[in-house]
Every structure is written in structure tokens, then in C-alpha cells.
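The chain contents come next:
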Amino acid sequence: MKRIFSLFLFLISCSLLQAQTSLGNEPVVNYEIPQKYKLVDVAVEGTTIDKNVVILLSGLPKGDTISVPGEMTSAAVDKLWAQGIFDDVRLEIDKIEGGYIWLKFVVVEKPRISKALFSGINGTKLKKSEKEKLNEKLSYTGLTLTEYRKAEMIKTINDHFRADGYLNCKTTLVARQDTSIKNASIVRIEFMIDKGKKVKIENLLISGNNPKTLPTWRIRMMMKDTKQKRFYNVFKSAKFIQDNYDKDKEKVLAKYRSKGYRDVRIVQDSVYKVSENRMEIRMKIDEGKQYRFRHITWVGNTKYSSEKLNERLGIKKGDVYNEQRLESRLFMSEQGNDISSLYMDDGYLFFQISPVEVNVEGDSIDYEMRIYEGRQATIRRVTVIGNTKTNDHVIMREIRTRPGQLFRRSDVIRSQRELASLGYFDPEKIQINPKPDPYSGTVDIEYVVEERPNDQVELSGGWGAGRLVGTLGLSFNNFSAKDFFNPTAWRPIPSGDGQKVSIRAQSNGLFFQSYNASFTEPWLGGKKPNSLSVSIFHSVQSNGVRANDALRQDVKISGASIGFGMRLKKPDDYFQLYQELSYQYYQLNNYRQVFSFANGYANNLSYRVTLQRNSTDQMIFPRSGADIKIIGQFTPPYSLFNNKDYSQLDEQGKYKYVEYFKWKFTSSWFTRLAGNLVLNTRMGFGYLGMYNKNVGTAPFERFYLGGSGLTGFALDGREIIALRGYDDQSLSSRTGNPIIAKYTWELRYPVSLNPSATVYGLAFVEAGNTWNNFSTFNPFDVYRSAGAGVRVFLPMFGLLGLDWGYRFDDVPGVLMPKSQVHFSIGFNLGEL
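Just so it is clear, the model here is predicted, and its values are computed rather than measured.

Caption draft 1: Fine view of helix α7 (residues 242–258). When the terminal C-alpha atoms of α7 are compared, their 25 Å separation across 17 residues agrees well with the 24 Å that a helix rising 1.5 Å per residue should span. By the burial criterion, the buried members of α7 are Tyr-245, Asp-248, Lys-249, Val-252, Leu-253 and Tyr-256. Relative to the axis of α7, the buried residues are bounded by an arc of 140 degrees and lie together on one face. Exposed residues on α7 whose side chains face more than 90 degrees from its buried face are Asp-243 and Lys-247. Each element contacted by the buried residues of α7 is listed here: α6 (216–222), β9 (265–275) and β10 (278–286). Where α7 ends, the next residue or the one after it, Gly-260, has phi of about 100 degrees, a positive value.

Caption draft 2: Broad picture of the pattern of salt bridges. In this structure the tally under the stated criterion is 53 salt bridges. A salt bridge links Lys-62 to Asp-41; its shortest N-O distance comes to 3.5 Å. One end of the pair, Lys-62, is in the loop between α2 (51–58) and β2 (65–68); the other, Asp-41, is in strand β1 (residues 35–45), with 21 residues separating them in the sequence. Using a relative accessible area of 25% as the deciding quantity, one classes Asp-41 as partly exposed. Taking the shortest distance from any N to any O, the salt bridge between Arg-257 and Glu-250 comes out at 3.1 Å. Since its relative accessible area comes to 41%, Glu-250 is described here as partly exposed. Each of the salt bridges in this network shares a partner with another, and the network as a whole consists of Arg-682, Arg-724, Lys-742, Glu-746, Arg-748, Glu-766, Arg-791 and Asp-803.

Caption draft 3: Molecular detail of the side chain of Thr-124. The residue Thr-124 is located in the loop between β5 (112–120) and α4 (128–138) in this model. A residue is classified by how much of its surface remains accessible, and Thr-124, at 11% relative accessible area, is buried. Side chain to side chain, Thr-124 and Asp-194 meet in a polar contact 3.5 Å long. Once you skip the residues sitting within four places of it in the chain, Thr-124 turns out to touch Ile-193, Asp-194, Lys-195 and Gly-196.

Caption draft 4: Seen up close, empty space enclosed by the protein. One pass over the structure, following the stated rule, counts 3 cavities of 30 Å³ or more. The residue inventory of the lining of the second largest cavity, partitioned by class, reads 3 nonpolar, 2 polar and 3 charged.

Caption draft 5: Looking closely at the sheet that holds strand β8 (residues 200–207). Strands sit in the order β8-β10-β9 across an open sheet of 3 strands; the sheet is mixed. Whereas interior strands pair on both sides, the edge strands pair on one side only; in this sheet they are β8 and β9. Taken over all neighbouring pairs, the strand axes of this sheet differ in orientation by 15 degrees on average, direction set aside. Judged from the 7 bridges that link them, β8 and β10 form a sheet pairing that is parallel. Residue pairing across strands places Leu-204 opposite Ile-281, the latter belonging to β10. Against the sheet, α7 contacts β9 and β10, and its axis sits at roughly 150 degrees relative to β9.

What counts and how
Residues numbered from 1 in each chain as written. Predicted model: local features only at pLDDT ≥ 70, side-chain atom pairs only at ≥ 80, totals over all residues. Heavy atoms only, no water. Helix = DSSP H or I, 4+ residues; strand = E, 2+ residues; numbered from the N terminus. Expected span 1.5 Å × (residues − 1). Buried < 20%, exposed > 50% of the residue type's maximum accessible area, 1.4 Å probe, protein only. Arc of directions from axis to C-beta. Contact = heavy atoms within 4.5 Å. Salt bridge = Lys/Arg side-chain N within 4 Å of Asp/Glu carboxyl O. Polar contact = N/O pair within 3.5 Å; in protein donor to acceptor, adjacent residues only side chain to side chain. 1 Å grid on protein atoms, 1.4 Å probe; cavity = no way out; pocket = protein on both sides within 12 Å on 5 of 7 lines; lining within 4 Å. Points joined across faces, edges and corners; volume = space filled by probe spheres on them. Nonpolar A, V, L, I, M, F, W, Y, C, P; charged D, E, K, R; others polar. Pairing = 2+ DSSP bridges. Axes fitted to C-alpha atoms, helices over the stretch in contact; angles between N-to-C directions.

Right under this line is the structure:
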């Protein structure tokens, strides 16, 4: 209608121009007989939009010959109308000189939005956060205010609040000229919002279901986001959101189908109000009959027999029909025990299988599995992209897919796991892109990674010996030693070769100082995953008196260690063997705080061996796999071959050369329960033994249990193990104990898996105890606690934690609160 009106105005104005031919220099056009003119220029009036843009949108070709009047001029007006940014468009003749013409667009812009305000009406109060979210969703600044845009913005606001249960939300829009800007087409808009009351679900009524198949209470539990208002639904709101309701209905149907009821449907679905802020849902289910698998036949298989495929499929005649189970047994199960994996692990990348229902008789279904095996695929090229810091050879040595090998799906999955375990890349963004070529029977594999920061600054506080201990440390986890003397590689440090360098210092002033440094080469020689680690340390603890003072009391400890690790091939290549030789030298000067003697020295030379199987899928937030360790630590049995009577020696004599042996077993299992909800089950045992009863149990390397697991500082090699809800080290004797057991169950769920700040919440139940000897040892006589916490992993600082723990048991002779909060920066929970 606007276009017809505009054309009408155009013709009227042209008629007026024609009628004014006697008034001097006005252009004269006979609109009954179109004339051809060469278009010299087009002027634009009435808009802030660039003139050239308007001309471009109109399609009028400057320099071309046009007819006036003609289709091209009317089409130009139509095109500008179609943009939706003008309230009025007119095309006028500016002047005519002989066969040349100048035209002019006279337009009126639609109002543009400068600012939006949000106001609550009829008792509605809008929070600042709500206004900020609405601003983000609307993105209105500079847009023209069309009728369509008005409707869209109102709908966006109503949908925003209805998604939060305000189903009666109503919004109106008022536009006013923005007087702060000298432009009549610039307006401020105000949304008047009446949220109304939240609409809650009064009743969720379900009928038609067989209680033996799915009872009503179970269906209601499955509909997690559609809850009726009851006192026991404490953690879930009873608000109604249509999208959530639709998803919950689909969950119910999927559960029925998994039980063989493939014809199940919801035959009645009524949602209606019972009051202004209450509604009722009636849902009637028609379950249909329960189906079962009958005959399964295989067609096209030559590599494996039908008996072998049936065994792999694991579905027998008479099993309840479950389409989801069938799909997982055919295609890409997480465990890798499906039919596709069987073929793809032998190079059959082009393998295809189509399950076809060939007969449905009564409650029985027959399937025919139609297989196309194809040819075996050979890997042609392997490439890596996205590594901006880590050198290619560091990545390629962890990848199991090699050019010239047969394609194996298990090798691809293992390569992904190894790259995630390095800690250099964001595990959520590792991609593997196979690029098969069926004609040549080859495949190119492209690994896509995204670097994340992994160097760390440790800045932590702990409590030890009644004093606050500060720690400052630097860990470079992707160091390059070969570039140490290359000035151009310091950006800010030489990086990319996967080596680890750590420097750490602890102190609380004159009382305690400790310094250590370590270096690890994970691929010694560059050809095999054999690691070499070296470390040195020195610490001093005193009574706070300066070194030149006669009253000074102190103990000095110096030490070093060297370790060698190797990846084993049997029983499988998840196993690792690590061996370490360490030495500590203790020098005491009138120091009686920890040891049983005050003056003298002690030597602690030990060999430590660790057999570990680690199959966890990543470092920061594992979802599957396990980490199992058996650790043995041994000193030479000096007392068995030096012919000394240790029953006659003083404490200094007994511990001049410390002797002991120590065993530990730890396991940590990760089980994905649903989505990213993970159960972590941990168990640990430790035992510190002696070679000679006359020497007794060494005062070194003992176990201390309880609290946050913060070490502060320890001079005697003690292991401080956390048990949340109790005071620090309150579950062991003052001098520690030689036997320990601990059990932990932890539910974890991620809040954010962003590599710059990984955050997950947890709930835990744990128990543990320590004992002096095996005669009193009872692995079920433990102290128990439960609680919740949060973990935040920041690449620069490591893991930050906050836990609240509640203890269930009292400790004889120890007074402590029933619950405690445990917090630290840059800590680990002293896991056994």
C-alpha cells in the first residue's frame, strides 16, 4: 500500500512539475510520452545514511540512459521501500539539460534506537542482572525501529521470563525521541514489563502405565525438569517450562523403548490452568506390547563368521528389544566392544553395516545385518595442526597411528588419550579428522589441538609446627633444555620439548627455609618413552635464633634423588615402572623438636620402585579409567650385616644409618555415571616395616592422618594424608603410625571445563585410620566423614580447593568441632 501511495505522490509531483512549465527554469517532462535521458547524478536528501549506499541500494545506474517515466525509476523506489529503513521515499527530478537528467531521492528515515530502558509495572521488580541479560539478548543499539523489530523484541523479553516460569508475562513498548541527540529520528525505547506470578505445577497426573513396567513415582522422578509442587521437591522448582516438559516426555518414551515397548506413545497430553498461578498436567500413556529379538542373520560377512559376530553382538533370541542397545553393540560403543570396532581395529575403515527389520511377527522381531566390509585402509599421512608452542616431534611420539600401518580405531582413541594426558592441550577441543580415500584404500589422519597454558606459579600457605609457612614455586611443564642457550627461544622461556623444570622455596622467616629444584626428561634419548628425573634439595629448621648465636638450635637436611621410568609393553602398555635412588643427610645441632636425639647426624639412603597402571582419559577432570600403584621403598638392612648389638646403642647410634622398608598400594577409579557426572572411588593402604626388632620402627617415613592434608613442612619424610572433617593429623599418634588405610567415594560434576579455569563441584564420603601394629589393625575400624567441596584449576596456580567436611565419629582424647572447612591454595589433599 505504501508503494502505491508513494507512486501516486511521485506522479502528482511530476504533474505539478509539468504544470509549472511557464514558471521559468523548472524541468519540463511530458509523462504521457516517456523520454530517454542520460542519468548524470542522483542526490539523496533526508537521511544520515551514506549517499552512495542509498544509490547502490536503489539500483539506479549513473551514466546509463534511462526512460522517464519508466520501469527503472519505479523499481528504484520499490527497492528502497524493501529495505525497511525508511518511512517515506520519493524520487524527484532535480534538473534536465537537453538529453541529460539529474534525479533526487527525498526520504524520511524510520526511527533508530539509541537506548533501551526496562521498567517493571503492576508490582514487578526487575533486578540489575535481569536488565543486563535483556540488554545482551536484544542487541538493539543503532537498529531501526520497525514494527517487526518491535514484535521480536517484545517476544524475546516475554520468552526470557516465561523460561523462568512467568508464563503470564506481558510487555509493552513505548518509543520517545531522544532529546540528548539532535536528530528527530533517534529514539529511546522503554519496555514496560509485567512478569505476573510464577506459574507452578500443582499436579502431574499420569495414567495408562503398568506399575510393573514403570510405576508412576518412577516416571515422575525421570521427569527431572517437570516437578509437581510438593514439600519433598526441595532441590527442584515446580515451575512449568514447555521445552523442558517436551524433553522430559521424550525421556519417558526412551525409557519405555529401552524395555522393549517400541510402540509406546503419549495419547493424552493436557496442560491447563487451575488458577492464576497454578496449572495441572494430565498425561496418558499407551505402552503397547513388549517386543523381543528373535532371529538375527548376517549377510555380506567374509572376514568373520556369523557365530563370531553373534558372540560380539551379545544379543540372544528372546532378549527384550532395545534399539539403543542394538545401536551401541553395532556402532562405536565407549568400551570399543561393538561390531564396527571389531572391523575398524583390523583396518576396515570403509566398513558399513545396516540393521534391517525383515519380519515383525506378534511380539518378535527378526533382523538382517547387511554388511559391506570394503578393503583394508592403510594410513598414508599423519599431520598435526594447532600446536603453536609444542614441537611436532613431542606430539608425534605420543601418536599411535603411523604412516604405512593398517588403520585401527583403537590406535586413534589411544592417541587422543595420550595427547589429553600430556596436559599441554585443551582435552575438550582435541579433534581427530580421518580423511579416507576409498579409491586408493588409504586414509590421512589429521590431529587438531589447541594449546593451553600449563606452566604454574605456586603461591600457597600451609601450617606446620605451629607456624604459617609460605611457598613460592615455578613449574615449567613444557620446557626445552636444548634451546636454553638460544636467545631467540626465550619467549619468555624456552618451550616445546616436553621437559619439566621445577624450582620451589618455602619459608616462615628464621625458623624454617627449604629450597628444591628438579628436572624431568620424559623421553630420554628421544626414541623410547623412558624418563629421567633428578632433584636436589636443602632445608633448615631452627629455634629462630641467628646462626652465629650460641643458643641456636637447628637441623639441616640436604638430599638428592635420581629416577628412571619406563613404559612397559606387558601386560599392556598402560603399565609403567619407575625406580628411584634417593639420599638425605640430617645434621642436628642441639635440636630436640622432632627426633629422639638432639646432636649428631643420620643418613637415609633408599631405593624406591613404583609399578603403575594409569588408564585415565585426561589429567584435570578424568571421566574414565583408573590409576593403580604398588610402591615399595627400601633402605639397606644395615643391622643385619654390621654385627652391632642395637639393643645396647643409644638413639644416635641406632639411626646413624636409617633402615626400614615401606609398602603402599593405592587405586583411583573413575566411572562416568551420566553425562559428565563422574564417580571417583579411591582406596589406599600403607605399611612401614622394620628389619630388626632391636632397632624398632624408624622415626622416618611414618603416616599422619586427618584434616586437609597440608604438609606445611616436615623434616622426617612423613606422609600427611587428608581425611576431611577432622583436625589436621588428629587420627594418628604424635609421632605418626606405621600402618594406614583410607577409602574415599567422590561424586564430581564440572561447572566449567574451560582450560583457563576448570571448575567442578564434588560431594564425598570417606573413612580411614592408622595403627601401630598388625595385632590392632582392622581395615573396617575407621573414622568416617562426609561433605562437599569445589575445585578450581588455574593453569598458573594449579589446583585450588575448598571443602566442608562433617565427621561422624569422635576421637578419644581429642576435642574438635563436628564440621570443618578445609581450604588451601596450590595444594593436593595428601592422597595416599
